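Architecture at a glance
The lines below spell out each chain.
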Amino acid sequence: MSCKTKLHPLRTSAETGIAAGGALALYRGAWSIVSALAPLMLRARAGRGKEDPARIGEREGRASRARPGGILVWVHGASVGESIAALPLIAALLERADRHVLVTTGTVTSARLMAERLPPRAFHQYAPLDSASSVRRFLDHWRPDLALFVESEFWPNLLLATHARRVPMALINARISERSFRGWRRASALAKLLLSSFDACLAQDEATASRLTRLGGRSVKVSGSLKADAAPLPVDQAALDQFEAALGSRPLFVAASTHPGEETLLLDVALKLRERHPNALTVLVPRHPARGPEIETMALERGFETQRRSTGALPGPGTEIHVADTLGELGLFYRAGTFAFLGGSLIAHGGQNPLEPARLGTAVITGPHTHNFDETFRALLEAQGEGLVRTSEDLHALVARLIDDPELARRLGERARAAAAGMAGALQDSIDVAEALLARHACA
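This is a predicted model, so every value here is computed, not measured.

Along the chain, the position of Asp404 falls in helix H18 (residues 392–404). Residue Asp404 is classed as partly exposed on the basis of its relative accessible area of 39%. Residues Asp404 and Arg276, 128 residues apart in the sequence, show an inter-C-alpha distance of 10.0 Å. Every residue in contact with Asp404, bar those within four places of it in the chain, is listed here: Arg276 and His277. A polar atom in the side chain of Asp404 sits 3.1 Å from the side chain of His277.

Residues Leu37, Leu40 and Met41 make up a contiguous nonpolar surface patch of about 290 Å² in total accessible area. Inspection of the secondary structure assignment puts Leu40 in helix H1 (residues 14–47).

With that settled, the discussion passes to the sheet that holds strand E6 (residues 200–203). With respect to topology, seven strands assemble into an open sheet ordered E3-E2-E1-E4-E5-E6-E7, the strand pairing being parallel. Since the sheet does not close on itself, it has two edges, and those belong to strand E3 (122–126) and strand E7 (220–222), each with one partner. Strand after strand, the sheet turns through a mean of 20° between neighbouring axes, direction not considered. With four bridges joining them, strand E1 (residues 71–76) and strand E4 (residues 146–150) adopt parallel strand pairing. The residue bridging Val75 from the neighbouring strand is Leu148, located in E4.

Inspection of the entire model under this criterion finds eight aromatic pairs. Centroid distance Phe154 to Phe198: 6.3 Å. Interplanar angle 55°. Geometry classified as tilted. Of the two residues, Phe154 is situated in the loop between E4 and helix H7 (156–164) and Phe198 in the loop between helix H9 (188–195) and E6; the sequence distance between them amounts to 44 residues. Comparing Phe154 with Phe198 shows no difference in burial state: the two are buried. Taken together through their ring pairs, the aromatic side chains of Trp74, Phe138, Phe149, Phe154, Trp184 and Phe198 make up a single cluster. Lying over the aromatic face of Phe123, Arg65 brings its terminal NZ or CZ to 3.9 Å of the ring centre. The side chain of Arg175 reaches across the aromatic face of Phe373, ending 4.7 Å from its centre.

Within strand E8 (residues 252–258), seven of the seven residues are buried, leaving the element largely enclosed by the surrounding structure. Relative to strand E9 (residues 281–286), E8 runs parallel, the two sharing six bridges. Opposite Ala256, over in E9, you have Val285 as the bridge partner. Taken together, E8, helix H13 (residues 263–276) and E9 constitute a β-α-β crossover, and its handedness is right-handed. Of the pairings in the sheet, the one linking E8 to strand E12 (residues 339–342) comprises three bridges and is parallel in character. Bridging across to E12, Ala256 finds its partner in Leu342.

A few words on the sheet that holds E12. The strand order E10-E11-E9-E8-E12-E13 describes an open sheet built from six strands, whose pairing is parallel. Two strands bound the open sheet, and with one partner strand each, they are strand E10 (306–308) and strand E13 (363–366). Across the sheet, the mean angle from the axis of one strand to that of its neighbour is 20°, orientation sign disregarded. As judged from the four bridges shared by E12 and E13, these two strands associate in the parallel manner. Looking at E13, one finds that Leu342 is bridged to Thr366. Across the sheet, H13 touches E8, E9, strand E11 (321–323) and E12, and the angle it forms with E8 is around 175°. Along the sheet, helix H17 (residues 374–384) makes contact with E12 and E13, crossing E13 at roughly 120°.

For any two helices packed against each other, one specifies the inter-axial angle together with the distance between the axes. Here H17 crosses helix H19 (residues 406–421) at 140°, and the two axes come no closer than 8 Å. With respect to their mutual orientation, H17 and H19 come out oblique. Considering only the axes of H17 and H19, their crossing is right-handed. For the pair H17 and H19, the contacting residues are Ala379, Leu380, Ala383 and Gln384 in the first and Leu412, Arg415, Ala416, Ala419 and Ala420 in the second. For the contact of H17 with H19, the residue count by class is seven nonpolar, one polar and one charged.

Conventions we followed
- Residues numbered from 1 in each chain as written.
- Predicted model: local features only at pLDDT ≥ 70, side-chain atom pairs only at ≥ 80, totals over all residues.
- Heavy atoms only, no water.
- Helix = DSSP H or I, 4+ residues; strand = E, 2+ residues; numbered from the N terminus.
- Buried < 20%, exposed > 50% of the residue type's maximum accessible area, 1.4 Å probe, protein only.
- Contact = heavy atoms within 4.5 Å.
- Polar contact = N/O pair within 3.5 Å; in protein donor to acceptor, adjacent residues only side chain to side chain.
- Patch = residues over 30% accessible without salt bridge, like charges linked within 9 Å, V, L, I, M, F, W, Y side chains within 5 Å.
- Areas by Shrake-Rupley, 256 points an atom, 1.4 Å probe, with all protein chains shown as cover.
- Salt bridge = Lys/Arg side-chain N within 4 Å of Asp/Glu carboxyl O.
- Pairing = 2+ DSSP bridges.
- Axes fitted to C-alpha atoms, helices over the stretch in contact; angles between N-to-C directions.
- Phe/Tyr/Trp six-rings, centres within 6.5 Å; stacked < 30°, edge-to-face > 60°.
- Lys NZ or Arg CZ within 6 Å of the ring centre and 35° of its normal.
- Right-handed = clockwise from strand over helix to strand, strands pointing away.
- Parallel < 35°, antiparallel > 145°, perpendicular 65-115°, else oblique.
- Left-handed = near helix turned anticlockwise from the far one by under 90°.
- Nonpolar A, V, L, I, M, F, W, Y, C, P; charged D, E, K, R; others polar.

Structure representation (structure tokens):
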């Protein structure tokens, strides 16, 4: 690449610039008020377990470690899913010994997972609040050579300040639901200004690519999902062996990443299963492990013999509900089962990542609300031939049929695995974009 190549300016017409400027002024004015209250808000969130009290300074842009020398690539993801999806890309970028990777996220859970799974020369910091002062402190300290934003987090101050410092930027693994698209259309001038910050946009699917282009994105390309290229979810083999030994030959129903409002419906399913399969075990894996005691109470009040995994207990012969309120064990339960229901889909949350079970050969069952992963669910369900349920009654009927016909469950799982493998390719595209932008930055 020629060193004469320059980073692009923001692309806005005069009319668009005026409209975007007005929206941006209102946004920044609101943040100037919020900033004064930020310390109190952060401490209150820490008291509820939503922030790490020892690292609150990071949320205000105050780094907790020195910037390493050499090239620093900054990867930002909102939470667990985005940061895990980026792990193979991080590993690939670190094949050059002169590089380090800074990973920012906004949740306590993602910080814990990154502490466990980031490779050497990669490290985690909490993302700064989107106030001008927090963003300025963050960028003054870290001075990244490249910024990669994963999926769909658009923080105006952070994006525009990063671009203003001539840091090359890419939106990778981009995903924008129809609902989010409609919201951004109502602020179309601001959306165009923000998306113009990116030198490249890699979309997970055609629908997202079309939405990004219509909102003003440049160099938009469909690359598939990084999650299809990700390594299978890890598992502690000894823990899996212990669980399977405790399970024995009992039928297993796994409900993963469940959300408030779904557990009552899933307990209805477990109650009906008990009539036909009295020895069946239902595993409820809440999206947020801190909800374990709440779910245990719900199950006990319904008359189920219940255990919480966080207590160290394995399912006993009489256990009917096993509440898996631990972190990072979905890989264990997807391997133990032949099919799994994915939560956030019987309520209007939008579903959870179906590629994680599919890549392990576990058949996917989902409710009707899948807008977070529409294209992925569509491809997997088309390959399986079934798996979509609309009510708890539908879910019970399908679960009972898969328990009665293990060979059918196995076939659906293999179809899901093959479909997931066909979605791979985003990793190499992301590497190519990152390397091209780093080369351009070196020439600047």
